[in-house]
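Report on the structure
So the chains spell out like this:
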Amino acid sequence: MLLQPPHGPLVLGIALVDFNHLVGPKIEFSQGDVFEDEEIAKVLPFLALPDGAHLSLEDYSYFHLVPDVSNPTTIFGISCNRQIAAATLLVKDVDVTRSIVQKAVVVLASKPVFGPIRDRLGVVTRALFAQRDFTDTQILVEFGNSLETSLRTQLTESGLYIGTSLREFVHVFRHRTLVMLKALMLQKKIMFYGHPVERLCTYQYSLISLIPSLLQTLEDCGSPPLAARAPTLSRPNSLRTSDRKSMLAYIGLPLDLFGKDAFFQPYLPLQQLDLLKDSQSWLCGSTNTIVTQQKEIDLLVNTEIATLEFRNPRLERLVALTPADRKWVDEIVRDVNNSWDDTDPTKVAMHFKGSDDYLRAKFEEYVTAALASVRYREFLSKGKGSGTIIAGTGGDASTLEDFNTVWIAEFTKTNAYEVWDRSTDPMLFDIVEPRHPCNEKPSVVSDIGLRLSEGIQDLKLEQQLAPTREAISRTLTVGSANFFKAVEGVRERWQQRTVSSPSMQDMTSNPYGSPVEITKSEASLPVATRDSTKPGVNISRQTSRESAASVLSPQRPVSMAQAASDTKAALTSLGAGIQSLWSTRAARFSRSSTASVVSNDSVSSPALAQQPGNPLSTAQTSPPKSRSSVHTVVEVAEHGQEQGHSVVTNPSDKRRSHETESGEPMGTAL
């Protein structure tokens, strides 16, 4: 829908504002008669270069001005501020005393066409900074001359919505969007706070765009005394339902929210702080905490963390959502989130459901139904006062409860209601059904579920736990790296010790060691004397427990899992070695016992060997084979006692046996 063009020019002026470190911001270049106004020239630099502009490379600020003339009207301004290193400038002014230069390009217009202006303004500002010579302002002159023609072709209702981001606004604030809309309709004192400035301003414009056609009638929003629109409104005497403009006028839209004693300033500098005390209602934005500390604030909206702070406790009860409100707005938030892309928040919805137009249509339905319910309530009140029974209207007397009765009652006390009441047909509910737009009344259980869901969303666990999650992730990364290093170190030490130590198989395959040959004369000596006199003979005496401990005592493992695996392998090897050891001992003990019995029988009685007729005498007369040496074996007892023996067999000598203190017969290797 085309908007009525202004009587004068659409673009009122172009300016370049510089931040001087000695005197503050000031207008460096301007084009247009509007800058001759002293009030505008005084406050414009502080609006164009907001507090905290140095925090970002590029930012935009939206603001409103009111000239000091006989019939003032609101002027809409937008600025693009950037900064550049002073060392890179080709032409440096004498006032440049610091390393950074901050400047802003400003466009003043008679309509809030911020969206179409913003893209062109950003390109021109970047081109101006790319020149590195701010004395050459020809690019700004050409920009001002070409901007007028291009903007008049985009002077439509949809063109005004280009600068808003309604999808993002609903996605961020969720059900609190409806809370802010209710507070706005009550004409309360609402303050937005946060960085960057562009998001701060676009969120406010997104909020007021929920009121149908309000963006088209902001001529009185720049100052509290401005109230030129209200006297021109009257009750319509005709209706064309096919004409949207006629339909909105019959309903009484847009509401006169920024008329008498009310104003709207997207960015409010400290220089305009007195306006807060002189007004009964306002919607403002600021990046300075000094402004947010004003006691006049009823509702503080933090755009950085998406929270609402009710400075007026009564207001929280007035704008509280009903079960029908929660169910209705939950469906809208779900539609937005289903088409939301976190990687590209500016991405336009591909379908109507969840788009900006869809959201404006849904909230228009809510506002018109609420206004129709107000008229229906008044109609029922008049009937009860006169004793008339009203039936067949098709309305529901309890519909006000779905909108919150205290909110409706408070709305009827505002200046906006006063203007709306005298310019709206009393039988409005005949055209617009006085019913809450929620399709079906929610149950108690579903309402509790919605409350819990929104309560969890308000906790913002994802944002609150993000630092903790990052710390845990870093700890696990470092810990896992150290763990694998420790495991690798244990593995390397174990392999080195396995190579340097004798294997269990070598220790158990021959538990008695290598046989040592001794002479006949050495056999008669004690074992200790014989070992010391025999050169090159070293009989090892080591207990079985010491042998096993030497193999099974590596360095202390760092990894419990690796140590358990290595211990299991060692115990398996040890078990095999013990089995082999006992098998060898059993076999030798058996052979040794048999040989001992036979030997004892043959030499037990020399007299018997000499008796005639003895069967053994014949065997004894035959000369036996001589043995040049006897194998000496050293055994290791289980209880750590050393045992040793040697047996010397000679045809002319008796069999001698050296036994240990325990008296256990030892095996002899024959």
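Every value quoted in this text rests on a predicted model; they were computed, and no experiment measured them.

1. Comments concerning the overall build of the chain
The secondary structure content of the chain amounts to 25 helices and 15 strands. The 670 residues of the chain split such that 44% are buried. Put simply, 71% of the contacts in the chain that link residues at least 6 apart link residues at least 24 apart.

2. Some thoughts on the sheet that holds strand S8 (residues 281–286)
Within the open sheet, the five strands sit side by side as S7-S8-S6-S9-S10. Their pairing is mixed. Lying at the two open borders of the sheet, with one neighbouring strand each, are strand S7 (262–265) and strand S10 (307–310). Sheet twist, expressed as the average angle between the axes of neighbouring strands with direction ignored, equals 15 degrees. Where strand S9 (residues 299–302) lies against S10, four bridges are found, and the strand directions are antiparallel.

3. Section: the packing of helix H2 (residues 114–131) against helix H3 (residues 138–152)
Describing two packed helices takes the angle between their axes plus the distance from one axis to the other. Contact geometry of H2 with H3 gives a least axis separation of 11 Å together with a crossing angle of 165 degrees. Considering the angle they form, H2 stands roughly antiparallel to H3. The two elements H2 and H3 meet at a crossing, and its hand is right-handed. Between H2 and H3, the contacting residues are Pro116, Ile117, Arg120, Leu121, Val124, Ala127, Leu128 and Gln131 on the first element and Ile139, Leu140, Phe143, Leu147, Ser150 and Leu151 on the second. Among the residues forming the contact of H2 with H3, the class breakdown is 11 nonpolar, two polar and one charged.

4. Some thoughts on the sheet that holds strand S2 (residues 24–31)
Strand order in the open sheet made by the five strands is S2-S1-S5-S4-S3, with antiparallel pairing throughout. Strand pairing shows two members of the sheet lacking a second neighbour, S2 and strand S3 (58–65), which therefore form its edges. This sheet shows a mean twist of 25 degrees between the axes of neighbouring strands, independent of strand direction. As judged from the seven bridges shared by strand S1 (residues 11–20) and strand S5 (residues 100–109), these two strands associate in the antiparallel manner. In the sheet register, Gly13 faces S5, and the bridge partner there is Leu108. Sheet strands in contact with H2 are S1, S3, strand S4 (75–85) and S5, and its direction is about 30 degrees off that of S4. Across the face of the sheet, helix H7 (residues 197–208) comes into contact with S3 and S4 while running at roughly 45 degrees to S3.

5. So, the pattern of salt bridges
Scanning the model with the defined rule gives 25 salt bridges in all. Glu364 is the salt-bridge partner of Arg244, the closest N and O atoms lying 3.1 Å from each other. With a gap of 120 residues between them, Arg244 in helix H8 (residues 244–251) and Glu364 in helix H12 (residues 356–386) connect regions that are remote in the sequence. The shortest N-O distance in the salt bridge between Arg334 and Asp330 comes to 2.5 Å. Here Arg334 pairs with Asp330, and both are found in helix H11 (residues 323–338), just four residues apart, close to one helical turn. Asp330 sits in the buried class, given a relative accessible area of 13%. Linked by salt bridges that have partners in common, Lys188, Arg314, Glu410 and Lys413 make up one network.

6. As for H8
Two residues of an α-helix separated by three or four positions point the same way, owing to the 3.6 residues in each turn. Residues of H8 that are buried include every one of Ser246, Met247, Leu248, Tyr250 and Ile251, and no others. With a side-chain oxygen positioned 3.2 Å from the backbone nitrogen of Lys245, the residue opening H8 is Asp243.

7. Considerations on H2
Along its 18 residues, H2 runs 25 Å from first to last C-alpha, staying within 8% of the 26 Å computed at 1.5 Å per residue. Those residues of H2 that sit buried are Phe114, Gly115, Pro116, Ile117, Leu121, Gly122, Val124, Thr125, Leu128 and Phe129. One or two steps after H2, the chain reaches Arg132, where phi turns positive at roughly 60 degrees.

8. Examining the packing of aromatic side chains
All told, the structure shown has 19 aromatic pairs when counted by the stated rule. Relative to Phe429, the ring of Phe379 has its centre 5.1 Å away and its plane inclined at 45 degrees; by these criteria the two rings are tilted. Of this pair, Phe379 sits in helix H12 while Phe429 is found in the loop between helix H15 (415–422) and helix H16 (444–459), placing the two residues 50 residues apart along the sequence. Taking the relative accessible area as the measure of exposure, Phe429 reaches 7% and is therefore buried. Linked through ring pairs, Tyr62, Phe76, Phe114, Tyr205, Phe258 and Phe264 together constitute an aromatic cluster. It is Arg375 that lies over the ring of Trp420; its NZ or CZ is 4.6 Å from the centre.

9. Here we look at the confidence of the model for the chain
Overall, the prediction assigns the chain a mean pLDDT of 78, with 69% of residues at 70 or greater. In this model residues 503–512 is a low-confidence stretch, pLDDT under 50, and it forms 17 contacts with partners more than four residues away in sequence or in other chains. Below pLDDT 50 for its whole length, residues 592–670 participates in 85 contacts with residues either more than four positions away or in separate chains.

10. Remarks on unusual backbone geometry
A cis amide bond links His195 to the next residue, Pro196, at an omega of -5 degrees. Within the secondary structure layout, Pro196 lies in the loop between strand S6 (189–193) and H7. Here the residue pair Leu253 and Pro254 is connected by a cis peptide bond, since its omega of 0 degrees sits within 30 degrees of zero. Despite not being glycine, Asp261 shows a phi value in the positive range, around 55 degrees. Among the residues examined, Asp261 registers a relative accessible area of 24% and is labelled partly exposed.

11. Observations concerning the pairing of S1
Of all the 10 residues making up S1, eight are buried; the element is thus mostly covered by neighbouring parts of the structure. The sheet contact formed by S1 and S2 spans seven bridges and is antiparallel. Within the sheet, the bridge partner assigned to Ala15 lies in S2 and is Ser30. Here S1 hands over to S2 after three residues, the two strands then running antiparallel side by side.

12. As for the side chain of Ser206
With respect to the helices and strands, the residue Ser206 is situated in helix H7. Given a relative accessible area of 0%, Ser206 falls into the buried group. A distance of 3.1 Å separates a polar side-chain atom of Ser206 from the backbone nitrogen of Ser165. Of note is the side chain of Ser206, whose polar atom sits 2.7 Å from the backbone oxygen of Thr202.

13. Some remarks on the environment of Ala361
Positionally, Ala361 belongs in helix H12. With 151 residues separating them along the chain, Ala361 and Leu210 place their C-alpha atoms 8.6 Å apart.

14. Topic: the pairing of S7
Because side chains alternate across S7, one face comprises the buried residues Ala262 and Phe264, and the other comprises Phe263 and Gln265, equally buried. As paired elements, S7 and S8 share four bridges and run parallel to each other. When the bridges of S8 are listed, Phe263 appears paired with Trp282.

15. Observations concerning the nonpolar core
Among the nonpolar cores identified, the biggest contains 122 residues, and Phe192, Ile208 and Phe258 are the most heavily contacted of them. Counting residues per element, this core draws most heavily on H12, at 10 residues. With near-sequence residues (within four places) excluded, Phe258 lies in contact with Leu184, Ile208, Leu214, Leu218, Asp220, Cys221, Leu226, Phe263, Phe264 and Leu283.

Rules used in this analysis
- Position numbers for residues count from 1 along each chain, tracking the sequence in the order it is written.
- At least 70 in pLDDT is required for a residue's local features to be given in this predicted model, at least 80 for side-chain atom pairs to be given and counted, and no such filter applies to totals for whole chains, interfaces and linings, which use all residues.
- Side-chain measures here rest on the full set of heavy atoms in the structure, leaving out hydrogens and waters.
- Only DSSP runs of H or I reaching four residues or more are called helices, and only runs of E reaching two or more are called strands; each is numbered from the N terminus.
- Accessible area is worked out with a 1.4 Å probe on protein chains only. A residue is then buried under 20% of its type maximum, exposed over 50%, and partly exposed in between.
- It only takes one pair of heavy atoms within 4.5 Å for two residues to be counted as in contact.
- Pairs of strands are assigned from DSSP output, requiring at least two bridges between the strands.
- A fitted line through C-alpha atoms represents every axis, and for helices the fit uses only the stretch in contact; the resulting angles, taken between N-to-C directions, go from 0 to 180 degrees.
- Between 65 and 115 degrees an angle is taken as roughly perpendicular, under 35 as roughly parallel, over 145 as roughly antiparallel, and anywhere else as oblique.
- Handedness of a crossing is defined here by the sense of rotation of the near helix relative to the far one, left-handed for an anticlockwise turn of less than a right angle and right-handed for a clockwise turn.
- Residues are sorted three ways: Asp, Glu, Lys and Arg are charged, Ala, Val, Leu, Ile, Met, Phe, Trp, Tyr, Cys and Pro are nonpolar, and all the rest, Gly among them, are polar.
- Criterion for a salt bridge: a side-chain nitrogen of Lys or Arg within 4 Å of a carboxyl oxygen of Asp or Glu.
- Here a polar contact is recorded for every N or O atom pair within 3.5 Å, except that within protein the pair must consist of a potential hydrogen donor and a potential acceptor, and residues adjacent in sequence are included only if both atoms are side-chain atoms.
- Every helix has an expected span of 1.5 Å times one less than the residues it contains.
- Pairing of aromatic rings covers Phe, Tyr and Trp, the last counted by its six-membered ring, and requires centre-to-centre distances within 6.5 Å; plane angles under 30 degrees mean stacked, over 60 mean edge-to-face, and any other angle means tilted.
- A positively charged side chain is recorded as over a ring if its NZ (Lys) or CZ (Arg) lies within 6 Å of the ring centre. The angle to the ring normal must also be within 35 degrees.
- For every residue, the pLDDT score states the predictor's confidence, bounded by 0 at the bottom and 100 at the top.
- Among the buried residues, those of types Ala, Val, Leu, Ile, Met, Phe, Trp, Tyr and Cys that are joined through side-chain atoms within 4.5 Å form a nonpolar core.

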